[in-house]
Amino acid sequence: MHRRLHRYRSLLAMITMVVLTLLIAPLHGSAVSTRLDDPDPATIPLPVLDDDDPAKAVVARVTFTSRTQATVDRTSVSLQRAHTHIGDPPILKLSLTDVDGQVIDRMNAWSPLWVYSHGDRERVDVKSSGAGSFIVPFSPALSTMTISDTALNRDVVTVDVKPAIRAFCVAHPGDPDCLESDLSVDSVEPRAPLFAVLGKPVTVTVDSTVSNAGPDGPTDARVERTVTAGTGVTVTPTAPETTEVALAVGSPRRLEKTYTVTCTQPGARTLDFTTAVAPERASVIDPQEANNRRTTRLTVDCAVPVTINIQPGSARNPVNLNGSILPVAALTTRAGEYGNPLAFDATAINSASLRFGSPSVLLLGGGVPEPHGRIHPANSLEPDEVTRDRDLDAILHFQPRSDALAPTDTSACVLGRFAGPSGPLSFYGCDRVTIVS
């Protein structure tokens, strides 16, 4: 008995010396060399007892193709307790992290490249490749296991253990470490102005509502919001945004996000706003994943900017809120004329679509119509200088009212539809005004 104990102590001492040597010296095949700067054994942290390991373990099968390269063969959850790590030499280091990247635990591990053999004499050989299983305690928050070479201070491989934990919880819904939460996206509601003008940015606000129908909660969830712009319109920001929220059962959360939208082509342009929600932890199972994503399409009416002239012949453009009919000239222009990006034919205006008012009133869908129900073509005899060209412009008439303009307004605008080259389009133009009593 004493002889066997002496043999065991001698073997343990030999392995310890080999480990300490190889922590500093690079490995070359199976050769082992010693150096004067080997670390003091007192500086090496002692392994921690795993007496509190749960009755489950996460198992990762890993193949090392070299000391610094490895591939993950498979991962699984075992219903057996993880083995204790006491006595494992610091050849490899296992770092266990949660879904937020926070370290849950660190532990030493034996390398599958190191092989102990005994015959005429005990020794440790180092192979060029090999495979082994790394077994760590189960945690419902566990996300990744990073295997590092301690001596080289270099990560070898990171194992994603979330799929294994999820598969286990799907198969064992009654396990106390597995939860069930029916997360959902209840609504995606974009709010935008009635129209946008080419080249003029507008703000679109999107409200998303997410909830947890239980039975378990509160549940930490990740909400991702994305936007996809169709042709003829740009949007910023374009990058997806992920927000972490805690969803209590029966307590929906409303999230708001704003975008800047700019029309680059006239006509109806679309934006698709998508919100998706998912549990942060792989141990939380969502039984109804079909309601975890919702997309709402917003159609933006991109209007052509045009030039209008209120009270032709007057530089002051006086407007009496209680006055009579107000004349407004809509000018036919070529592309680039008066800074307008597109050509506009004022004689193609649809009179029934016309609305007149302040910018804020028109953006909300208000304004007053053209009372005559028709436009009045104007030629070069029109007295105002901006209509003294060979284009045929249009004179429009409006009855100013208090719901179209306010005493503090300094500009008034016209919104309407006209027959464009490939179909009906919206147009929009403004001019300065002086409100008089």
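These lines cover the structure that appears in this document, whether it is placed above or below.

What counts, and at which threshold
Residues numbered from 1 in each chain as written. Predicted model: local features only at pLDDT ≥ 70, side-chain atom pairs only at ≥ 80, totals over all residues. Heavy atoms only, no water. Helix = DSSP H or I, 4+ residues; strand = E, 2+ residues; numbered from the N terminus. Buried < 20%, exposed > 50% of the residue type's maximum accessible area, 1.4 Å probe, protein only. Contact = heavy atoms within 4.5 Å. Areas by Shrake-Rupley, 256 points an atom, 1.4 Å probe, with all protein chains shown as cover. Pairing = 2+ DSSP bridges. Phe/Tyr/Trp six-rings, centres within 6.5 Å; stacked < 30°, edge-to-face > 60°. Lys NZ or Arg CZ within 6 Å of the ring centre and 35° of its normal. Axes fitted to C-alpha atoms, helices over the stretch in contact; angles between N-to-C directions. Arc of directions from axis to C-beta.

## Quick notes on the overall build of the chain
Regarding its fold elements, the chain presents 3 helices and 28 strands. Counting across all 437 residues of the chain, residues that qualify as buried make up 44%. For the chain, restricting intrachain contacts to residue pairs at least 6 apart in sequence, the fraction spanning at least 24 positions comes to 66%. About 22600 Å² of surface is accessible on the chain, with carbon and sulfur atoms providing 52% of the total.

## Describing the sheet that holds strand β14 (residues 233-236)
With mixed pairing, 5 strands are arranged side by side in an open sheet as β14-β16-β12-β10-β18. Both edges of this open sheet fall to β14 and β18 (284-285), since each of them pairs with a single strand only. One ladder, built from 9 bridges, connects strand β10 (residues 179-191) with strand β12 (residues 202-215); its direction is antiparallel. When the bridges of β12 are listed, P190 appears paired with V206.

## Quick look at the packing of aromatic side chains
Throughout the structure, instances matching the rule amount to 9 aromatic pairs. Ring geometry for Y259 and F273: centres 5.2 Å apart, planes at 50°, overall tilted. Of the two residues, Y259 sits in strand β16 (residues 253-263) while F273 sits in strand β17 (residues 267-279), which places them 14 residues apart along the sequence. Taking the relative accessible area as the measure of exposure, Y259 reaches 4% and is therefore buried. We classify F273 as buried; its relative accessible area is 1%. Ring centres 6.2 Å apart and planes at 70° place the aromatic pair F418 and F427 in the edge-to-face group. The pair formed by F418 and F427 is uniform in burial state, with each residue classed as buried. Taken together, the ring pairs connect F344, F418 and F427 into an aromatic cluster. When the ring centre of F138 is taken as origin, the NZ or CZ atom of K56, which lies over that ring, is 4.8 Å away. Across from the ring centre of Y259, 5.2 Å away, lies the NZ or CZ of K257, which sits over that ring.

## Section: the sheet that holds strand β1 (residues 57-64)
The strand order β2-β1-β7 describes an open sheet built from 3 strands, whose pairing is antiparallel. Unpaired on one side and paired on the other, β2 (70-78) and β7 (130-137) mark the two borders of the sheet. Neighbour-to-neighbour, the strand axes of this sheet turn through a mean angle of 20°, independent of strand direction. The pairing of β1 with β7 spans 8 bridges and is antiparallel. Along β7, the bridge assignment pairs V58 with V136.

## Examining helix α2 (residues 162-171)
Within α2 the residues assigned to the buried category are A164, I165, F168 and C169. Down the axis of α2, the smallest arc covering the buried residues is 130°, so these residues share one side. Opposite the buried face of α2, at more than 90 degrees from it, the exposed residues are P163, V170 and A171. Summarising the contacts, the buried residues of α2 are in contact with β2, β8 (142-149) and β18.

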